[in-house]
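# Observations on the model geometry
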Amino acid sequence: MSKIRTNLLETIPLSRRAAFAAFAAAAVTAVSLAAPAPAVAEDKKELKVGIISGEDEDVWRAVTAEAAKKGLTIETVVFNDYTQPNEALARGEVDANAFQHLPYLENQIKAHGYKIVPVGYTGVWPIGLYSKKHTKIADLPEGAVIGVPNDPSNEGRALRVLQNEGVIKLKEGTGILATIADIVENPKNVAIKELDAGIVGRSVDDLDAAVVNTDWALKSGLTPDNRIAQEPVDDNPYRNFIAVREESKDQPWVKPLVESYQNDVVKAEFERVYKGTGISAY
């Protein structure tokens, strides 16, 4: 076959042979350029991190200062509700976020197909039942109106607080995403009012009581004196964490980012800001 190929080339004029060789070389080059490049580590030095507005902004100022010591520049991107940070992370508008617990993320993944994973714990805020009208659970009247967050993970969490206190009983085997449809016993015929997590705390004046996430309780001006019940802290599945896109979890900037949060300096600032209502979870 090589002889046939040689003879064929010999019949082509020199100028045409040169053109043919140039074409062949160009084809090889094109194939090489089209070949996928091997994956390389993304050694980022500037990161955008999505957080929720409020007290966490103070905590992340301390995190940012610690990150600078490791050569990382962090820009916090502040959101006002829980629905935005995961969407921003999935779109690549931020590199990480820090605002959620695993039941919430799992529900978001189920609903939206996000490829987001936790990479380091931050804190836990035990959810509580707050009231400005009653000082203990036993004081709740017949037909009391109780507010709960309406997003699936936090609603289930709130209903478990009410179950722990004997206000309601949930169907046997109900998971962490319980809803009001799972209530099988309601001895005081309380009315459960589902409200946005950011609104339920501000509605306490109009309710007999409300189960409120601690960060929203602080934003709403509620204090431990208004809290008449709280979920257990031990073995709490609702620890918050820093999250990144699944494709980024092994990138070299992830570990120093987590370490910038998980240290004594940030822990002290966390305790100052949250005044014991939140607990470091690492």
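For every chain, the first residue of the written sequence is number 1, and numbering continues from 1 along that sequence. Only residues with pLDDT of at least 70 are given local features in this predicted model, and only at 80 or more are side-chain atom pairs given and counted; all residues enter the totals for whole chains, interfaces and linings. Side-chain measures were taken over the full set of non-hydrogen atoms in the model, leaving aside hydrogen atoms and water.

Adjacent strands of a sheet pair through backbone hydrogen bonds, lying either parallel or antiparallel. Only strands joined by at least two bridges in the DSSP assignment are considered to pair. Under the DSSP-based scheme used, a helix requires at least four consecutive residues in state H or I and a strand at least two consecutive residues in state E, with every element numbered from the N terminus. Across the sheet, which stays open at both edges, the five strands sit in the order S2-S1-S3-S13-S4 with mixed pairing between neighbours. Whereas interior strands pair on both sides, the edge strands pair on one side only; in this sheet they are strand S2 (73-79) and strand S4 (116-121). Pairwise comparison of adjacent strand axes, ignoring direction, gives a mean angle of 35° for this sheet. Where strand S1 (residues 46-52) meets strand S3 (residues 96-101), two bridges bridge the pair, whose relative direction is parallel. Among the inter-strand pairings, Val49 is bridged to a residue of S3, identified as Ala96. Relative to S3, helix H5 (residues 102-112) is tilted by about 110°, and along the sheet it contacts S3, S4 and strand S13 (240-245). Axis geometry follows a simple rule: fit a line to the C-alpha atoms, using only the stretch in contact for helices, then measure angles between N-to-C directions, giving values from 0 to 180 degrees. Here, two residues are considered to be in contact whenever any of their heavy atoms come within 4.5 Å of each other.

Another point: the nonpolar core. Throughout, nonpolar core names a set of buried Ala, Val, Leu, Ile, Met, Phe, Trp, Tyr and Cys residues whose side chains join them through atoms within 4.5 Å. Three labels apply to residues, based on accessible area from a 1.4 Å probe with only protein chains included: buried if under 20% of the type maximum, exposed if over 50%, partly exposed otherwise in between. Among the nonpolar cores identified, the biggest contains 25 residues, and Val59, Trp60, Ile242, Leu257 and Tyr261 are the most heavily contacted of them. Elements represented by at least two residues in this core include exactly S1, helix H3 (55-69), S3, S13, helix H9 (254-261) and helix H10 (264-274). If one sorts the elements of this core by residue count, H3 sits on top with five residues. Non-local contacts of Leu257, meaning those with residues more than four positions away in its chain, are made with Leu47, Val49, Trp60, Leu72, Ile74, Ala96 and Ile242. With 24 residues, the next largest nonpolar core counts Phe99, Leu207, Val212 and Trp216 among its residues.

This part takes up the packing of H3 against H9. For the pair H3 and H9, the least separation of the axes is 8 Å and the interaxial angle reads 130°. Put simply, H3 runs oblique to H9. In the packing of H3 onto H9, the handedness of the crossing is right-handed. When H3 is examined against H9, the residues Val59, Trp60, Val63, Glu66 and Ala67 are found in contact with a partner set consisting of Leu257, Ser260 and Tyr261. Oblique is the label for any angle not covered by the other classes, which are roughly parallel (under 35 degrees), roughly antiparallel (over 145) and roughly perpendicular (65 to 115). Left-handed is the label given to a crossing in which the near helix is rotated counterclockwise from the far helix by less than a right angle, and right-handed is the label when the rotation is clockwise.

Of note, the phi angle at Asn189 is positive, near 50°, even though the residue is not glycine. Examined against the element boundaries, Asn189 turns out to sit in the loop between strand S9 (183-185) and strand S10 (191-195).

Here we take up the packing of aromatic side chains. Stacked, tilted and edge-to-face pairs are distinguished by plane angle, under 30 degrees for stacked and over 60 for edge-to-face with tilted covering the rest, among Phe, Tyr and Trp rings (Trp via its six-membered ring) whose centres lie within 6.5 Å. If you walk through the whole model with that rule in mind, you get nine aromatic pairs. Centroid distance Tyr261 to Tyr282: 6.3 Å. Interplanar angle 85°. Geometry classified as edge-to-face. Within this pair, whereas Tyr261 is found in helix H9, its partner Tyr282 is found in the segment after strand S14 (279-280), the two being separated by 21 residues in sequence. On the basis of relative accessibility, which here comes to 33%, the residue Tyr282 falls in the partly exposed class. Three or more aromatic residues link up through ring pairs in this structure, and these residues are Tyr82, Phe99, Tyr104 and Trp216.

The subject of this paragraph is the confidence of the model for the chain. What pLDDT conveys is the predictor's confidence in a given residue, as a value from 0 to 100. On average, residues of the chain carry a pLDDT of 86, and 85% of them reach 70 or more. Low pLDDT, under 50, characterises residues 1-40; the stretch is placed with five contacts to residues that sit more than four places away or in other chains.

Attention shifts here to the side chain of Asn97. Relative to the helices and strands, Asn97 is located in strand S3. A polar atom in the side chain of Asn97 sits 3.3 Å from the side chain of Gln100. Excluding its chain neighbours within four sequence positions, the residues that come into contact with Asn97 are Val49, Gly50, Pro85, Asn86, Leu89, Phe241, Ile242 and Ala243. Polar contact is the term for a pair of N or O atoms within 3.5 Å; when the atoms are in protein, one must be able to donate a hydrogen and the other to accept it, and sequence-neighboring residues count only if both atoms are side-chain atoms.

Look at Asn97 and you get buried, because its relative accessible area is 0%. A C-alpha to C-alpha distance of 9.9 Å links Asn97 and Ile116, two positions 19 residues apart in sequence. Within polar-contact distance, the side chain of Asn97 engages the backbone oxygen of Pro85 at 3.2 Å.

Sheet architecture is open: five strands sit in the order S10-S7-S11-S6-S12, paired in mixed fashion. A strand with exactly one partner marks an edge of an open sheet, and here the two such strands are S10 and strand S12 (227-230). The average angle at which neighbouring strand axes cross in this sheet is 25°, direction not considered. Taken together, the three bridges between strand S6 (residues 128-130) and strand S11 (residues 209-212) define a ladder with antiparallel strand orientation. By the bridge assignment, Tyr130 is partnered in S11 with Ala210. Contacts from helix H6 (residues 152-164) reach S6, strand S7 (145-149), S10 and S11 within the one sheet, and its direction differs from that of S7 by about 140°.

Turning our attention to the side chain of Glu55. Looking at the element boundaries, Glu55 is found in helix H3. Setting aside its immediate chain neighbours within four residues, Glu55 contacts Asp215, Leu218, Lys219, Val273 and Tyr274.

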